[in-house]
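Residue-level structure breakdown
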Amino acid sequence: MSPRPRRVRRPPRRGRAALAVVVRPRGRTHEGVRLVHLLDDPYRAVLPAGHPLTAKRVLDLTGLADEPRVRGDGPGPCLDPVIEGCAAAGFSPHFVARNRSG
């Protein structure tokens, strides 16, 4: 597997690929392409050693409301659920840095 996956701008054409694994934003479809949901990735909180929340095995999203966050490039299918989840919990995430490695 390549350390930096190539971004697919359009779906593969008939006969050109047996399988393509993609991250698809909700609601987007492509004519002639059948999509099969494989899995949902869990999101993990990364906290500094000694942080009070590290003692918990499961965190409530509202417990992270005041925590600074690192965001990836976006918007897109990875960032959107974070923003939507925070909004549903009643707050907006406070991004203090951006990860451009992806």
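Keep in mind the model is a prediction, meaning the values are calculated, not measured.

What counts and how
- Residues numbered from 1 in each chain as written.
- Predicted model: local features only at pLDDT ≥ 70, side-chain atom pairs only at ≥ 80, totals over all residues.
- Heavy atoms only, no water.
- Helix = DSSP H or I, 4+ residues; strand = E, 2+ residues; numbered from the N terminus.
- Buried < 20%, exposed > 50% of the residue type's maximum accessible area, 1.4 Å probe, protein only.
- Contact = heavy atoms within 4.5 Å.
- Areas by Shrake-Rupley, 256 points an atom, 1.4 Å probe, with all protein chains shown as cover.
- pLDDT = per-residue confidence, 0-100.
- Polar contact = N/O pair within 3.5 Å; in protein donor to acceptor, adjacent residues only side chain to side chain.

Here's the deal with the overall build of the protein chain
The secondary structure content of the protein chain amounts to 1 helix and 2 strands. Shown N-terminal to C-terminal, the secondary structure of the protein chain runs as helices and strands in the order β-α-β. When each of the 102 residues of the protein chain is scored for burial, the buried share is 11%. Restricting to contacts in the protein chain with at least 6 residues of sequence separation, those with at least 24 account for 61%. For the protein chain, the exposed surface amounts to about 9,300 Å²; the carbon and sulfur share of it is 52%.

Observations concerning the confidence of the model for the protein chain
In this model, the protein chain carries an average pLDDT of 79, and 76% of its residues clear a pLDDT of 70 or more. Model confidence for the protein chain, summarised as mean pLDDT per element, is weakest for strand β1 (residues 68-72) at 86 and strongest for helix α1 (residues 79-88) at 90.

Here we look at the environment of Asp40
Examined against the element boundaries, Asp40 turns out to sit in the segment before β1. By relative accessible area, which is 64% here, Asp40 ends up exposed. Only 3.1 Å separates the side chain of Asp40 from the side chain of His37, close enough to count as a polar contact.

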